[in-house]
Each structure stands twice: as C-alpha cells, then as structure tokens.
Amino acid sequence: MLRQLFFIFLIAVSVNIFAQDYLYKNDKFTLYSNGVKEGKFESKVISPQKMVSNYSDAFEQGFSRFVRFKFCINGEDNENPSGNDHTFYLNPIDGKQTTSIYKFGAMEESEDPVDEESAPIEFGQKIVVKLRLDMSEVFNSFGKMGHFKTNTGSIIKKDQFRFVSVSGGTPPLNWTFSNDNTDEMFIMKDDDNDNIYELDITFKKEAVRKLEDNFFVWELVKNTNGLPKYSSDIPIVEALYNLSLEEMLFDIREDGAFMAGLKWEGVWTRDISYSIILSLAAVNPDASKASLMAKVKDGMIIQDTGTGGSWPVSTDRMVWALAAWEIFKVTGDMDWLRSSYNIIKKTAEYDSFNIFDNKTTLVCGESSFLDWREQTYPRWMDPKDIYTSKNLGTNAVHYRVYTILDEMAELLGEAKTGYAEVASEIKEGVNNYLWSDKHQYFGQYLYGRNNLALSERAEALGTALMVLYNGSKKDVKLTETLPVTDYGVPCIFPQIPNMPNYHNNGIWPFVVSYYTWAAVKENNTKAVEHGLASIFRAAGLFLTNKENMVANNGNCLGTEINSDRQLWSVAGNLAAVYRVLFGMEFKSDKLEFNPLVPKTYQSVHKLKDFKYRNALLDITVEGYGNAISEFMVDGKSSNEYYIPGDLNGKHTITIRLNGNDGFGKINLVNTVFAPETPGVNCNGELIEWKKIDNAKEYHIYKNGKYFASTVRNSYGILTATGISEYQVMSIDKDGNSSFLSEPVYSNFVSENVLKYSVSQDESYITLSRDKNTIVTIDVEIAEDGKYYADFCYANGNGPINTDNKCAIRTLYVDDKLAGTVVLAQRGTNLWDNWGYSNTLCLDLKKGNHQFKLEFNKLNQNMNIDVNKALLKHVRVYPKNQ
C-alpha cells in the first residue's frame, strides 16, 4: 500500500523533477535538459547510462488494436491500390475473436467497430483471431474467363494461382510482400472447399523493455570503450548520445557490416551511405568500409531492389560515392581513395549512358530514399513514368558525385574528363527546372509522361542536400522556407490524401538530422533548435532511434512499417553532436569546426578520444552562439578554425562561442493534406472527371503547361492541332494542389499512331542477354517533324514494387544513338501483361528509317544474369508542335 501511495505521489509531482529551464517548448511537447514531457507521457534521464519513459506505444512491439491488412494472391501486393486496406479492431472475448467475412478486392473498410469502452489489453495477453476471406469471385472468374484481374491491374491465370495470404501492420503480421519464402507467410486455408479461406492469427501485446514502476527502461549494456566519449551539463543529450553509440554497436552484423535496423538485417546501399555521411564514417570507419564494399558487384555500386526491377528506374545508388568520399576525408586512406574512385568512375559510366536527360541536364529516376512509389508519387505513375521523372534528391546526389569525382581525380593525378562540367550542368538543371518561385523552395520532381511538369510539393532530404553541397544558386535560406511541423520536418509537404503513413505524413529522424545540419550551414539558429528538439524528443520518449513517426501526432505507432535502432536514425542522433554542437566538417586535407549552439544548449560540451586520422582529439565547446570567438589547439590561439590532416598524436582543442543567438526563422505549418488527384477521361472534344471533395477549382494542363482553369468537372478541347496531352489538377480553398492526373490524349487515333511489328511470324519475340540482342525495325515517316516512339512489351520477371530484373535496351535510329529504352517489371510471371516503355522524342525526316534496338554492354542491370522481356511492336506518333 505504501508503495502504491508513493508511486501516485511520484506521478503527481513528476514534472517537478525536470530541470527548471527547458531546451525547447511548443504546444505539443517540452524538451527539458533531463527529459521530455508530452501530455501524460514523459521520459527522464536517471544517469548518462539510463533513461526511463512511459510512452507505452513505443514499447508494445508495434502492437495496435486497429489492425490494417491486405490479402495477397501468391504473396504479392496485388489486391487493392495502396491506401485501400481492410481493417478490424482487436476486441476479444475470452481471448478469441472472429472477423466478418471479407471479400477479396472489396474496397470498403471493415464494419467492425472501434469500441472506446472495450477492456484494455494487458502485456502478455494473447488474442487468437480467426480471419475469414471469401474467394468466390476470384474462382468464378477463373471458371468463366480463365483468369482474374485484381484492382491493381494484375492478372492471375487459373493455373498460376498457388495460395492466398495476408499481410498487415500489427505483429505478427507485416507488410513484406514476396512469393518466394512461404515459410514466413500467413497463408490461409480452405479445408472444406467452400471458397471461404480462414486463418487463425495469434496477436500478443509484448513489452520490449523491462518495466520499473510503470516506466520502461533503457540502460546501457554494451561496452562503448574505444569510442568517442561525450559529456556536458545537458543530461538528455549525453544519455541519448550513449544510447546511440550502443545501438550502432548492436547494428553491426557478424560480417562487420552495418544492418539497416532491428527489423532489417540487410545491408542497403542508401541506408548505410546516408548513415556514413552523417556520422558513421567518423565514429566507425572500419564498419563503414565493410558496409560499402558489401554493396559492390562486378566493380560497380549495387542499386537496392526497387520499383520496376531497380536500376535504372531507381537511380540513387550513387549516394555510395558520397559515403566513400566521407570515409576518405576522415581516414586519409589513399588505398581506399583509389579503389573507391575506380568503383565510382565505372558506375558513373553506366549512369551517364542510361539515365541522363540532355534536354534538362538532369538525371532520371526515382526519389532518393522515398522508394515506396505510392507514398510520394501519384497512383497512376508506373515504373516507366518514374524512370522518366527527374527528382530533387536524386539529382542533388548525382551533382555531388561529379564534384567528388573531380576532387578524387585531382588527388590521384587522374584525368578529370569533364566531371566538374557535368556537376555544373546538373546544378543548372536543378535550379532551372525544379525551383518553385511560388513557394521559394525546390519542388520534388518533374513528372508526367511525354511532357513533364513540376510537382511543387516540398521534399525535405533533397532540399537539405542542396544546401549542404552548395547546389542552390538561389538567394534564399532554404531551411527558412521549407515547411516544418511541430514534431519535425516531414518528408514531403503537403501530404497525399487517403494514403497510409510512412513516407507520406511521415517524419524520419535522419531526414531531420540532414535538415538540422543544413540549418547550421545556413546559420539558422531557429531551425537548429527545432531540428534538435525533434531528434531528441523522439529518441527520448521512444528510448530508441525509431525509423519514423507520424507527422501530425509524432507517434511511432501508426506508420506502415517501423523499426527500432534504425541505422540512419542512430547516425542522425550522433550527428546532432558531431555536426551541430561541435560543427565538424571533414575536408580532403583538414577537419574544420563551425559549431552552432543555441542559447538553451549553453554548456561545456566535451568530446574525448575522438580519432581523426593519426590524431586523437579532446575537444571542448564552451558557451553558445553561431560563430567562434576563440579557437585554441593545445592551449595556443589560432585564427584558422581547423586542424590539418597530417596532425599526429594526442591534442586538445578548445572552442569558445560568441554568445549570439536567435538568428533565422522556420516555416512552421500544420499538417496539410492536398486534395485528391482527378481521374480524367477524354471523350471526343471534351475532357471530364468526377468532382473532387474540397476542390475549389481545377487547373487544366496541355502538353505539360498550365492552359486554363474551371470550376466545372469538364472542359472542351480543340482536336484539330494534332495529338495533344491533357492533365487536370484539383485546387482547394487554401491553394493546395493535387498531383496532375494521368495524361489523356486528343486525336490519338489509328491514322496518327503507327505500329510496326517486330516479328512477321509471331505476335512477339523474346529479348534476353543472348537472344535477339539486336532487333531492327523499318519505319516510314510521312512528313518531317518530331515524333514519339515507345515499345509494347511484357516483363514478368518480378513485381512492380521490388526485385532487380528491369530489362534495358538502347535505341539507335539510322545508326545514331537515340536513348535508353526501359522495359520494367510488370508483375511476377505476368508475361501477358502488356504495356509501353518510356517514350523517346525523335527528330525524323520524311522517308524510311531504321530503328535498331540493341542490348548494349552498358545496359547491364542489377541482376546481371536476367535481362529479359517480350517485345511486340514499336509505336510512333507525332509530337504536338
């Protein structure tokens, strides 16, 4: 009884245990020097090696009573488009629950109610749910037509059906889709052959940390000796630094490379690279090297599996180069410089051949890191459209790659072969094509089909990279204009409606870290305060470096997938110390310091035993401010705020700051959802669409340019001027815009569209590494002009959303290079799912031309062994003049 009374008293006065002054405060939470307070939740620092938190959602193993899920034929994500999930609410009776009978492909949500008065589910409690699915419509379609077409457009033939399974968001369910490893799938059974499939799933609410007096506990268990030691008078920064060092050690695999996080044991190119750049090169260069070399094959950087079969639809593998360069700058290892230079140089050769767009001087391909296509692209965009897009973050990476190649070549005495010029061209392209005058920041990408327009959504990571690598030519502080919310900077803004939380309506701590680092470079103290608060608030309440959180409530529960000790979140937390409070900037020949310490973080910040090349440093930063007032090395003042790369032995560095505070500003906004994207039809001389909720008006685009506006649901078009491309955008009362609709075409009729078969004897031919490696097609053009050409193909080597078997070919017209043709994956074993490749714009004269589709040695994909597609015909039609 006394213990209970004491605990009640402790909770009642718990706010009094926080330090009197706070580091940061807004309407949602307060970050104290020794804890976090957010409504009824709080975390507290007990010591530099121990913290406690009662933020229960973070410690329930992703457990959510509101279960979202999908059914999957043959293990693939093929039931409904993203955002159209089934749901039920966990509300058991005597530990059991039976759902209503769902229908495969039903678009409505479950009618199972959320009972606010339902009994709480205790830790350790098991719930056995019988999930039921009616597959009658699928099998009826098998009987009538021999196949079933899902709401995602996938076609499953009767003889292809193997099983139906379920994927979802509450453990043990997960959102991993695969048709290979059935041992890890939740496969449903129809034991009585009535087409009603059933599966018993056991849900269990488990605590992932020990409890002490209703508080969850983190306590250091790993030995961090040999790693840099941080200390200050701000306990929460010190404790979270130690937590992050420990999580970094937990993330090292047996082979010495970094895994991506607790749930992700693989070594992923973008994850490890962004992590190495932030801080891991500095704190653990050996594991960083091992990680990068695990992502090299045939002397080239491996693109992670991705949309349409990976590269060249996904094209951000070059972030590896930024990480390799960071390792060299930290270590000064010339052998590493030579080997990594050769890898980057070879990879750049393949990229320059396949993904550069000469018109815009930008690289093509998917958003860097934002690799779940529905989360940041309009639903209508398929892999060929994503390949054609030009993304801010991906171009920022490639711009930086060529400045690095230029520096590497100089250090190695190599011929530069125009690297600096390529970097300059990409920079010009970004500033010319991706800048939004309306918002005063860069838009996320150019997108469309034959004609590209700018998506003016903000994209946080790409914006930060443009700042950090001097990619912006605009006289604007981008950390002042980029939208941020109370809990941090969201990946994109505004959000996409009716889309689950992940990249959409998501905050990723590592992205916040890049934003905060960029704010240091722009001398934006307000943005640094906001960024540090976002990083420390999340890690402090969750007692781990989570993968992501929901943008509008800061919760780690409610995103599609989440993981503890996510590597790049770990690296971002360490970067808050190294890059911000100590202002470290590694150069090829020195280590520079430019700290930015907000006034509330005023302290004596100490970093002991920090290894830099052949030197061991004890570094102290005193006071607060945005500039250095005194810089001393071994007690001697210096007007140059760096140490040379050839420094040896043990040294002390003391930095005193100028006491200035309050510079800069942030663009604080509420979480906003844009209106839905219209679905447009072309009916003769009229384009029309259904009314969009919350839309005030609609903007009409013709051939990628704004053309007209209307408040109606239709618009008359002229059809006498050749083939034209039309799109529609919905605008709400606050001026927020949807994505542009999928293009529709006027005058797209047989006399304007010519099709030339690739085979006289068969309906298609097979392309592979050793079959039909050169295909020639004779094309006759009636008059001079610009024409579009694309290829009708099928690629059943894998699903749309993952794998690495994108087929690639090169088109030559009259023996002149015309461009790369991307034949992306369209679904596993769906060899009768025909579609068109990316389009190439050709300048053709009247008369006969020879099209030659060739498997070039530079068309090697990430799988290497499988580079296969079926080809029907080439389609040629005039470009609107």
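Residues numbered from 1 in each chain as written. Predicted model: local features only at pLDDT ≥ 70, side-chain atom pairs only at ≥ 80, totals over all residues. Heavy atoms only, no water.

(A) Structural detail: the environment of R769. Along the chain, R769 falls in the loop between β47 (765-767) and β48 (774-781). Through-space distance from the C-alpha of R769 to that of K868 is 7.0 Å; in sequence the pair is 99 residues apart. With sequence-adjacent residues up to four places away left out, R769 is seen in contact with R809, F855, I864, D865 and N867. Of the polar contacts made by the side chain of R769, one reaches the backbone oxygen of I864; its length is 3.0 Å. (Helix = DSSP H or I, 4+ residues; strand = E, 2+ residues; numbered from the N terminus. Contact = heavy atoms within 4.5 Å. Polar contact = N/O pair within 3.5 Å; in protein donor to acceptor, adjacent residues only side chain to side chain.)

(B) Focus on the pairing of strand β1 (residues 22-25). Bridge count between β1 and strand β2 (residues 30-32): three bridges; the pairing is antiparallel. Bridge pairing in β2 links K25 to T30. Between the antiparallel neighbours β1 and β2 lie four residues. (Pairing = 2+ DSSP bridges.)

(C) The arrangement of the sheet that holds strand β44 (residues 724-732) in detail. With antiparallel pairing, the four strands of this open sheet are ordered in space as β42-β41-β44-β45. The open sheet is flanked by β42 (705-710) and β45 (744-746), the only strands paired with a single partner. Pairwise comparison of adjacent strand axes, ignoring direction, gives a mean angle of 35 degrees for this sheet. (Axes fitted to C-alpha atoms, helices over the stretch in contact; angles between N-to-C directions.)

(D) Focus on helix α11 (residues 419-433). For α11, built from 15 residues, the straight-helix expectation of 21 Å at 1.5 Å per residue is met to within 8% by its first-to-last C-alpha distance of 21 Å. Buried within α11 are the following residues: Y419, A423, I426, G429, V430 and N431. (Expected span 1.5 Å × (residues − 1). Buried < 20%, exposed > 50% of the residue type's maximum accessible area, 1.4 Å probe, protein only.)

(E) Structural context of the packing of helix α4 (residues 269-283) against helix α5 (residues 285-293). At a minimum axis separation of 8 Å, α4 and α5 run at an interaxial angle of 155 degrees. By the angle between their axes, α4 is roughly antiparallel relative to α5. Between α4 and α5 lies a crossing whose hand is left-handed. From α4, I272, S273, I276, L280, A281, A282 and V283 reach across to α5, where they touch P285, S288, S291 and L292. When the residues that make up the contact of α4 with α5 are grouped by side-chain class, the tally is eight nonpolar, three polar and no charged. (Parallel < 35°, antiparallel > 145°, perpendicular 65-115°, else oblique. Left-handed = near helix turned anticlockwise from the far one by under 90°. Nonpolar A, V, L, I, M, F, W, Y, C, P; charged D, E, K, R; others polar.)

(F) Structural context of the confidence of the model for the protein. Across the protein, the average pLDDT comes to 93, with 96% of residues at 70 or higher. Low pLDDT, under 50, characterises residues 1-15; the predicted model gives this stretch seven contacts beyond four residues in sequence or across chains. (pLDDT = per-residue confidence, 0-100.)

(G) Structural detail: helix α3 (residues 235-250). The first and last C-alpha atoms of α3 sit 23 Å apart over 16 residues, in line with the 22 Å expected at 1.5 Å per residue. Buried residues dominate α3, accounting for 14 of its 16 residues.

(H) Here's a closer look at the packing of helix α6 (residues 319-331) against helix α10 (residues 392-412). One way to put it is that α6 packs onto α10 with a least axis distance of 9 Å and a crossing angle of 40 degrees. One finds that α6 runs oblique with respect to α10. Relative to α10, α6 is oriented so that their crossing is left-handed. Contact residues: α6 offers V319, A321, L322, W325, F328 and K329, while α10 offers V397, R400, V401, I404, E407, M408 and L411. Counted by class, the contact of α6 with α10 contains 10 nonpolar, no polar and three charged residues.

(I) How the structure looks around the packing of aromatic side chains. This model, assessed by the stated rule, comprises 54 aromatic pairs. Between Y230 and Y241, the aromatic rings sit 5.6 Å apart at their centres with planes inclined by 55 degrees, giving tilted as the arrangement. Separated by 11 residues along the polypeptide, Y230 in strand β17 (residues 229-231) and Y241 in helix α3 bring together distant segments of the chain. Here the two residues Y230 and Y241 agree in accessibility, since each one is buried. Aromatic pair Y764 and W834: ring centres 5.7 Å apart, planes at 50 degrees, arrangement tilted. In this pair, Y764 is assigned in the loop between β46 (754-757) and β47 and W834 in the loop between β51 (816-823) and β52 (835-836), connecting sequence segments 70 residues apart. Three or more aromatic residues joined by ring pairs make a cluster, and in this case those are Y274, F369, W372, Y502, W508, F510, Y514, W517 and W568. Taking the ring centre of F215 as reference, the NZ or CZ of K44 above it sits at 4.0 Å. Residue placement shows K872 over the ring face of W834; its charged tip is 4.5 Å from the ring centre. (Phe/Tyr/Trp six-rings, centres within 6.5 Å; stacked < 30°, edge-to-face > 60°. Lys NZ or Arg CZ within 6 Å of the ring centre and 35° of its normal.)

(J) Geometry of the nonpolar core. Membership of the largest hydrophobic core comes to 221 residues, with the highest contact counts inside it found for Y514, F610 and F851. In contact with Y514, other than residues within four places in its own chain, are Y274, I277, L278, L461, A464, L465 and L468. Among the nonpolar cores identified, the runner-up in size contains 28 residues, and I127, V129, L131 and F142 belong to it. (Core = buried A, V, L, I, M, F, W, Y, C linked by side-chain atoms within 4.5 Å.)

(K) Local environment of the pattern of salt bridges. A full pass over the atoms with the stated rule returns 46 salt bridges. The partner of K28 in a salt bridge is D486, and the shortest N-O contact between them spans 3.0 Å. One end of the pair, K28, is in the loop between β1 and β2; the other, D486, is in the loop between β26 (483-484) and β27 (492-493), with 458 residues separating them in the sequence. Assessed through its relative accessible area of 17%, D486 is described here as buried. Residue E676 is joined to R379 by a salt bridge in which the shortest nitrogen-to-oxygen separation is 3.5 Å. Of this pair, E676 sits in the loop between β38 (667-668) and β39 (680-683) while R379 sits in the loop between α8 (373-376) and α9 (383-388); the two residues are 297 residues apart in sequence, bridging distant segments of the chain. The partly exposed category is assigned to R379, whose relative accessible area is 34%. Through salt bridges with shared partners, a single ionic network connects R270, K295, D304, D316 and D371. (Salt bridge = Lys/Arg side-chain N within 4 Å of Asp/Glu carboxyl O.)

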